[in-house]
Amino acid sequence: MAREVVAFLAGSPDRLALLDYLAEEPCAPRDVADALGVSGRSAQRNLAQFADRGWAEKRDGAYHLTTRGRLVREAYADCLDRIDRIDDLAGFYEHLPDGDEAPDPAWLADATVVTADPDHPQEPVTRYVDAVRSLDTDRVRMLSPVLSRIFERPHAELVRRGASTDLILPTDRVAAARERNPPKFETVLAVPSVTLYETDDPVDVGLTVTDDRTFVLAYDADGHLRACVDGTDPDLRAWAVDRFEDYRRAAAEVEGRGPF
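Residues numbered from 1 in each chain as written. Predicted model: local features only at pLDDT ≥ 70, side-chain atom pairs only at ≥ 80, totals over all residues. Heavy atoms only, no water.

1. Here's the deal with the packing of aromatic side chains
Basically, it comes down to this: Classification of ring pairs uses Phe, Tyr and Trp, with its six-membered ring standing for Trp, and accepts pairs whose centres are within 6.5 Å; under 30 degrees between planes counts as stacked, over 60 as edge-to-face, and the remaining range as tilted. Partly exposed describes any residue whose relative accessible area lies between the buried limit of under 20% and the exposed limit of over 50%, with all areas from a 1.4 Å probe on protein chains only and scaled to the type maximum. Helix and strand assignments come from DSSP, with helices taken as H or I runs of at least 4 residues and strands as E runs of at least 2, each series counted from the N terminus.
Under the criterion given, the structure shown has 6 aromatic pairs. Ring geometry for phenylalanine 50 and tryptophan 55: centres 5.4 Å apart, planes at 55°, overall tilted. Of the two residues, phenylalanine 50 and tryptophan 55, neither departs from the other in class, the shared state being buried. Ring centres 5.5 Å apart and planes at 85° place the aromatic pair tyrosine 128 and phenylalanine 215 in the edge-to-face group. Highlighted residues: tyrosine 128 in helix 7 (residues 123-133) and phenylalanine 215 in strand 8 (residues 214-219), separated in sequence by 87 residues.

Structure, rendered in C-alpha coordinates:
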(Lines give C-alpha, C1' and ligand atoms only; values in the text may rest on other atoms or scores of the structure.)
Protein backbone atom coordinates (compact mmCIF):
# COMPACT_ATOMS: atom_id res chain seq x y z
CA MET A 1 0.00 0.00 0.00
CA ALA A 2 2.79 2.42 0.88
CA ARG A 3 4.48 1.82 -2.47
CA GLU A 4 1.24 2.54 -4.28
CA VAL A 5 0.79 5.81 -2.34
CA VAL A 6 4.32 6.92 -3.22
CA ALA A 7 3.77 6.00 -6.87
CA PHE A 8 0.47 7.90 -6.89
CA LEU A 9 1.99 11.10 -5.50
CA ALA A 10 5.12 10.83 -7.62
CA GLY A 11 2.99 10.29 -10.73
CA SER A 12 1.99 13.94 -10.90
CA PRO A 13 3.54 17.05 -9.32
CA ASP A 14 0.02 18.52 -9.20
CA ARG A 15 -0.97 16.03 -6.50
CA LEU A 16 1.75 17.04 -4.06
CA ALA A 17 1.05 20.71 -4.82
CA LEU A 18 -2.60 20.05 -4.08
CA LEU A 19 -1.76 18.44 -0.73
CA ASP A 20 0.32 21.49 0.17
CA TYR A 21 -2.45 23.82 -0.92
CA LEU A 22 -5.13 22.01 1.06
CA ALA A 23 -2.87 22.06 4.11
CA GLU A 24 -3.13 25.85 4.09
CA GLU A 25 -6.91 26.15 3.75
CA PRO A 26 -10.02 24.34 2.47
CA CYS A 27 -10.81 25.08 -1.15
CA ALA A 28 -13.23 24.43 -3.98
CA PRO A 29 -12.13 22.86 -7.28
CA ARG A 30 -12.24 26.26 -8.99
CA ASP A 31 -9.91 27.74 -6.37
CA VAL A 32 -7.48 24.87 -6.88
CA ALA A 33 -7.51 25.26 -10.64
CA ASP A 34 -6.78 29.00 -10.41
CA ALA A 35 -4.11 28.71 -7.72
CA LEU A 36 -2.20 25.80 -9.25
CA GLY A 37 -2.70 26.69 -12.89
CA VAL A 38 -4.39 23.43 -13.84
CA SER A 39 -7.63 22.69 -15.60
CA GLY A 40 -10.86 22.49 -13.65
CA ARG A 41 -11.24 18.87 -14.73
CA SER A 42 -7.77 17.99 -13.42
CA ALA A 43 -8.44 19.76 -10.11
CA GLN A 44 -11.76 17.97 -9.67
CA ARG A 45 -10.27 14.58 -10.53
CA ASN A 46 -7.40 14.93 -8.04
CA LEU A 47 -9.72 16.15 -5.30
CA ALA A 48 -12.04 13.22 -5.91
CA GLN A 49 -9.11 10.81 -5.73
CA PHE A 50 -8.01 12.38 -2.46
CA ALA A 51 -11.52 11.97 -1.08
CA ASP A 52 -11.59 8.32 -2.18
CA ARG A 53 -8.34 7.74 -0.30
CA GLY A 54 -9.59 9.45 2.84
CA TRP A 55 -7.12 12.31 2.49
CA ALA A 56 -9.79 14.97 1.98
CA GLU A 57 -13.47 15.41 2.60
CA LYS A 58 -16.00 17.75 1.03
CA ARG A 59 -18.01 20.03 3.29
CA ASP A 60 -20.11 23.03 2.21
CA GLY A 61 -18.71 22.91 -1.30
CA ALA A 62 -15.04 22.98 -0.21
CA TYR A 63 -12.53 20.19 0.26
CA HIS A 64 -10.81 19.91 3.66
CA LEU A 65 -7.61 17.97 4.27
CA THR A 66 -8.22 15.20 6.79
CA THR A 67 -5.88 14.16 9.58
CA ARG A 68 -4.87 11.19 7.46
CA GLY A 69 -4.17 13.48 4.53
CA ARG A 70 -1.97 15.72 6.65
CA LEU A 71 0.01 12.76 7.93
CA VAL A 72 0.49 11.41 4.40
CA ARG A 73 1.70 14.82 3.26
CA GLU A 74 4.19 15.09 6.13
CA ALA A 75 5.47 11.55 5.63
CA TYR A 76 5.95 12.02 1.90
CA ALA A 77 7.70 15.37 2.42
CA ASP A 78 10.00 13.73 4.99
CA CYS A 79 10.81 11.00 2.49
CA LEU A 80 11.74 13.56 -0.17
CA ASP A 81 13.84 15.51 2.32
CA ARG A 82 15.64 12.33 3.35
CA ILE A 83 16.46 11.42 -0.25
CA ASP A 84 17.64 14.97 -0.93
CA ARG A 85 19.87 14.76 2.14
CA ILE A 86 21.39 11.48 0.93
CA ASP A 87 22.12 13.12 -2.43
CA ASP A 88 23.71 16.08 -0.64
CA LEU A 89 25.93 13.64 1.26
CA ALA A 90 26.90 11.59 -1.79
CA GLY A 91 30.57 12.53 -1.44
CA PHE A 92 30.52 11.05 2.07
CA TYR A 93 28.40 7.92 1.61
CA GLU A 94 30.12 6.76 -1.57
CA HIS A 95 33.27 6.08 0.45
CA LEU A 96 31.55 4.01 3.13
CA PRO A 97 31.68 0.42 1.84
CA ASP A 98 29.58 -1.05 4.66
CA GLY A 99 26.10 0.27 3.92
CA ASP A 100 24.49 -1.64 6.77
CA GLU A 101 26.64 0.22 9.29
CA ALA A 102 26.44 3.71 7.76
CA PRO A 103 25.13 6.51 9.99
CA ASP A 104 21.52 7.57 9.43
CA PRO A 105 21.27 10.74 7.31
CA ALA A 106 18.90 12.20 9.93
CA TRP A 107 21.79 12.22 12.41
CA LEU A 108 23.77 14.45 10.05
CA ALA A 109 21.07 17.06 9.57
CA ASP A 110 22.96 19.70 11.56
CA ALA A 111 26.46 18.37 10.97
CA THR A 112 29.18 20.08 8.99
CA VAL A 113 30.14 17.86 6.07
CA VAL A 114 33.24 18.67 4.06
CA THR A 115 34.15 16.60 1.00
CA ALA A 116 37.16 16.61 -1.27
CA ASP A 117 36.91 17.73 -4.88
CA PRO A 118 39.49 18.21 -7.65
CA ASP A 119 39.94 21.89 -6.76
CA HIS A 120 40.15 21.32 -2.99
CA PRO A 121 41.46 17.77 -2.40
CA GLN A 122 42.74 18.58 1.11
CA GLU A 123 39.63 20.36 2.37
CA PRO A 124 38.47 17.47 4.65
CA VAL A 125 41.97 17.20 6.14
CA THR A 126 42.12 20.93 6.85
CA ARG A 127 38.67 20.88 8.40
CA TYR A 128 39.51 17.97 10.69
CA VAL A 129 42.86 19.38 11.83
CA ASP A 130 41.36 22.80 12.58
CA ALA A 131 38.46 21.19 14.47
CA VAL A 132 40.72 19.00 16.61
CA ARG A 133 42.84 22.01 17.55
CA SER A 134 39.72 23.76 18.82
CA LEU A 135 38.51 20.87 20.98
CA ASP A 136 38.11 21.19 24.72
CA THR A 137 37.63 17.64 25.97
CA ASP A 138 38.86 15.20 28.60
CA ARG A 139 38.61 12.06 26.48
CA VAL A 140 39.11 11.09 22.86
CA ARG A 141 38.21 7.74 21.31
CA MET A 142 39.59 7.16 17.85
CA LEU A 143 39.27 4.47 15.19
CA SER A 144 41.30 4.93 12.04
CA PRO A 145 42.17 2.85 8.98
CA VAL A 146 45.41 4.84 8.56
CA LEU A 147 48.03 6.53 10.72
CA SER A 148 48.28 10.08 9.43
CA ARG A 149 51.29 12.22 10.27
CA ILE A 150 49.18 15.32 9.56
CA PHE A 151 46.85 14.37 12.42
CA GLU A 152 49.65 13.60 14.90
CA ARG A 153 50.40 17.16 15.98
CA PRO A 154 46.85 18.35 16.81
CA HIS A 155 46.14 15.13 18.70
CA ALA A 156 49.45 15.40 20.55
CA GLU A 157 48.40 18.88 21.62
CA LEU A 158 45.19 17.42 23.03
CA VAL A 159 47.17 14.87 25.03
CA ARG A 160 49.44 17.60 26.40
CA ARG A 161 46.34 19.51 27.50
CA GLY A 162 45.27 16.47 29.53
CA ALA A 163 42.91 14.55 27.25
CA SER A 164 43.13 10.77 27.51
CA THR A 165 43.22 9.06 24.12
CA ASP A 166 42.23 5.54 23.07
CA LEU A 167 43.31 4.79 19.49
CA ILE A 168 42.49 1.67 17.47
CA LEU A 169 44.52 0.98 14.32
CA PRO A 170 44.80 -2.00 11.96
CA THR A 171 47.61 -4.35 12.97
CA ASP A 172 49.65 -3.66 9.84
CA ARG A 173 49.53 0.09 10.50
CA VAL A 174 50.79 -0.42 14.04
CA ALA A 175 53.65 -2.58 12.76
CA ALA A 176 54.57 0.03 10.15
CA ALA A 177 54.60 2.84 12.72
CA ARG A 178 56.79 0.82 15.08
CA GLU A 179 59.23 -0.03 12.29
CA ARG A 180 59.38 3.52 10.93
CA ASN A 181 60.50 5.14 14.17
CA PRO A 182 60.93 2.73 17.10
CA PRO A 183 62.04 5.32 19.71
CA LYS A 184 59.11 7.63 18.95
CA PHE A 185 56.71 4.70 18.97
CA GLU A 186 57.90 3.59 22.40
CA THR A 187 57.70 7.15 23.69
CA VAL A 188 54.05 7.38 22.67
CA LEU A 189 53.24 4.07 24.34
CA ALA A 190 54.87 5.32 27.54
CA VAL A 191 52.43 8.24 27.84
CA PRO A 192 49.97 7.22 30.60
CA SER A 193 46.98 8.92 28.99
CA VAL A 194 47.45 7.19 25.61
CA THR A 195 46.25 3.64 24.97
CA LEU A 196 46.90 2.08 21.58
CA TYR A 197 45.01 -0.96 20.29
CA GLU A 198 45.54 -3.05 17.19
CA THR A 199 42.82 -4.91 15.33
CA ASP A 200 42.86 -7.60 12.67
CA ASP A 201 39.36 -6.63 11.60
CA PRO A 202 39.03 -4.43 8.49
CA VAL A 203 38.55 -0.75 9.33
CA ASP A 204 36.47 1.00 6.71
CA VAL A 205 35.74 4.31 8.42
CA GLY A 206 37.49 6.72 10.75
CA LEU A 207 35.91 7.87 14.01
CA THR A 208 36.86 10.47 16.58
CA VAL A 209 34.49 10.77 19.53
CA THR A 210 34.83 13.40 22.26
CA ASP A 211 32.55 14.54 25.07
CA ASP A 212 30.16 16.35 22.76
CA ARG A 213 31.40 16.08 19.19
CA THR A 214 31.64 13.22 16.74
CA PHE A 215 33.79 13.08 13.63
CA VAL A 216 33.23 10.48 10.94
CA LEU A 217 35.99 10.25 8.36
CA ALA A 218 35.53 8.54 4.99
CA TYR A 219 38.57 7.33 3.07
CA ASP A 220 39.08 6.09 -0.48
CA ALA A 221 40.75 2.80 -1.38
CA ASP A 222 44.19 4.46 -1.30
CA GLY A 223 43.73 5.73 2.24
CA HIS A 224 43.12 9.35 1.29
CA LEU A 225 40.58 11.27 3.35
CA ARG A 226 37.63 12.11 1.12
CA ALA A 227 35.02 13.41 3.56
CA CYS A 228 34.82 14.71 7.11
CA VAL A 229 31.60 14.83 9.13
CA ASP A 230 31.62 16.99 12.27
CA GLY A 231 28.41 16.62 14.26
CA THR A 232 26.88 16.92 17.71
CA ASP A 233 23.76 14.77 17.29
CA PRO A 234 23.38 12.40 20.30
CA ASP A 235 22.32 9.50 18.06
CA LEU A 236 25.38 9.98 15.86
CA ARG A 237 27.58 9.92 18.95
CA ALA A 238 25.86 6.79 20.29
CA TRP A 239 26.37 5.06 16.92
CA ALA A 240 30.04 6.04 16.86
CA VAL A 241 30.66 4.96 20.48
CA ASP A 242 28.99 1.59 19.87
CA ARG A 243 31.08 1.03 16.75
CA PHE A 244 34.28 2.02 18.56
CA GLU A 245 33.55 -0.25 21.51
CA ASP A 246 32.79 -3.18 19.21
CA TYR A 247 36.26 -2.80 17.71
CA ARG A 248 37.93 -2.24 21.09
CA ARG A 249 36.49 -5.43 22.57
CA ALA A 250 37.97 -7.45 19.71
CA ALA A 251 41.28 -5.54 19.64
CA ALA A 252 44.49 -6.15 21.57
CA GLU A 253 46.27 -3.45 23.55
CA VAL A 254 49.72 -2.71 22.15
CA GLU A 255 52.45 -3.06 24.77
CA GLY A 256 55.79 -1.29 24.78
CA ARG A 257 59.04 -3.20 24.37
CA GLY A 258 61.09 -1.04 26.69
CA PRO A 259 63.71 1.65 26.02
CA PHE A 260 66.11 1.44 23.13
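2. Thoughts on the sheet that holds strand 7 (residues 206-209)
We apply this condition: Pairing between two strands requires that DSSP report at least two bridges joining them.
What the 8 strands build is an open sheet, ordered 3-9-8-7-4-5-6-10; its pairing is mixed. Each having just a single partner strand, strand 3 (112-115) and strand 10 (252-253) make up the two edges of the open sheet. Bridging between strand 4 (residues 139-143) and strand 5 (residues 164-170) involves 5 bridges; their strand directions are parallel. Bridged to methionine 142 within strand 5 is leucine 167.

3. Thoughts on the nonpolar core
Nonpolar side chains in soluble globular proteins tend to be buried together. As a reminder of what qualifies: What we call a nonpolar core is a set of buried Ala, Val, Leu, Ile, Met, Phe, Trp, Tyr and Cys residues that are connected through their side-chain atoms within 4.5 Å.
In terms of nonpolar packing, the biggest core is built from 25 residues, with Tyr128, Phe151, Phe185, Leu196 and Leu217 touching the most fellow members. When contributions to this core are tallied by element, the ones reaching two or more residues are helix 7, strand 4, helix 8 (149-160), strand 5, helix 9 (171-180), helix 10 (182-189), strand 8 and strand 9 (225-231). Looking at which element gives the most residues to this core, the answer is helix 7, with 5 residues. Core analysis: the second largest hydrophobic core is formed by 24 residues, Val205, Leu207, Val229 and Phe244 among them.

4. With respect to the pairing of strand 5
When you tally the buried positions in strand 5, you get 6 out of 7 residues, the bulk of the element. When strand 5 meets strand 6 (residues 194-199), the two strands line up parallel, connected through 6 bridges. Looking at strand 6, one finds that proline 170 is bridged to threonine 199.

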